[in-house]
Amino acid sequence: MFQKLHQGYVHSRRVRVLSQLFAQLLPLQASVLDVGCGDGLLAGLIVKSRPDIQMNGIDVLVRQDTMIPVTWFDGVSIPLPDQSIDVVMFVDVLHHTTDPMILLKEAKRVAKQYVLIKDHTCDES
């Protein structure tokens, strides 16, 4: 029951608010890579409000039904050439990695303009 409430109220509101915020931040006609995009829900909502944006995702687990095109990647190397995408986006992904700097360096390598990060941490010390 808790999961159903969370999904219905908290998660859906969170995704909606984030998509509106990111849609305002992204440059016009940007190519965007959503790293760790899951089912692409957030990215899909961004594109819905910003059809000028070209959005693709990569993830270590490609789901069957996604809202954007998603390609598998190994979680370490972003499979794109240097400076080949305008914006690389990380939303609640980096805290899942053993070394976030590896992915951040990869993002810097492939991004022409920006790396957009939204994340959280849990410090249990």
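In this text the structure is predicted, and so the values were computed from the model without any measurement.

What follows deals with the nonpolar core. Ranked by size, the top nonpolar core spans 19 residues in total, and within it Phe22, Leu26, Val32, Leu42, Ile46, Met55 and Met89 carry the most contacts. Element by element, the count of residues in this core is highest for helix H1 (residues 2-25), at 4 residues. If sequence neighbours within four positions are ignored, Met89 has contacts with Phe22, Val32, Leu33, Asp34, Val35, Ile46, Met55 and Leu116. Counting residues in each nonpolar core, the second largest holds 14 residues, with Val35, Ile58, Val88 and Val110 among its members.

What follows covers unusual backbone geometry. Of note in the backbone geometry, Gln29 takes a positive phi value of approximately 55 degrees without being a glycine. In this structure, Gln29 sits in the loop between H1 and strand E1 (31-35). Phi angles above zero are rare outside glycine, and Gln83 is one such case at about 45 degrees. A relative accessible area of 53% means that Gln83 is categorised as exposed.

A few words on the sheet that holds strand E2 (residues 54-59). Spatially, E3-E2-E1-E4-E5 is the arrangement adopted by the 5 strands of the open sheet, whose pairing is parallel. The strands lining the two open edges of the sheet, one partner per strand, are strand E3 (70-72) and strand E5 (111-118). Adjacent strand axes in the sheet meet at a mean angle of 25 degrees when their direction is disregarded. The strands that helix H2 (residues 41-49) touches are E1, E2 and strand E4 (85-91); relative to E2, the one it contacts most, it runs at about 175 degrees. Sitting on the sheet, helix H3 (residues 100-110) touches E4 and E5, and the angle it makes with E5 is about 145 degrees.

How each quantity is defined
Once a new chain begins, its residue numbering starts again from 1 and follows that chain's sequence as written. Selection of residues for local features in this predicted model requires a pLDDT of at least 70, selection of side-chain atom pairs for listing and counting requires 80 or more, and totals for whole chains, interfaces and linings are taken over all residues. Note: side-chain values were computed over all heavy atoms of the structure, leaving out hydrogens and water. For the purposes of this section, nonpolar cores are sets of buried Ala, Val, Leu, Ile, Met, Phe, Trp, Tyr and Cys residues that join through side-chain atoms within 4.5 Å. For each residue, the accessible area found with a 1.4 Å probe, counting protein chains only, is set against the maximum for its type, and the residue is called buried under 20%, exposed over 50%, and partly exposed in between. Only runs of H or I of at least four residues qualify as helices and only runs of E of at least two qualify as strands under DSSP, and these elements are numbered from the N terminus. Whether two residues touch is decided by their heavy atoms; if any such pair falls within 4.5 Å, the residues are in contact. In this scheme, strands are said to pair when DSSP sees at least two bridges between them. For helices, the fitted line uses only the C-alpha atoms of the stretch in contact; every axis is such a line through C-alpha atoms, and the angle between N-to-C directions lies from 0 to 180 degrees.

Coordinates in, geometry out; function isn't part of it.
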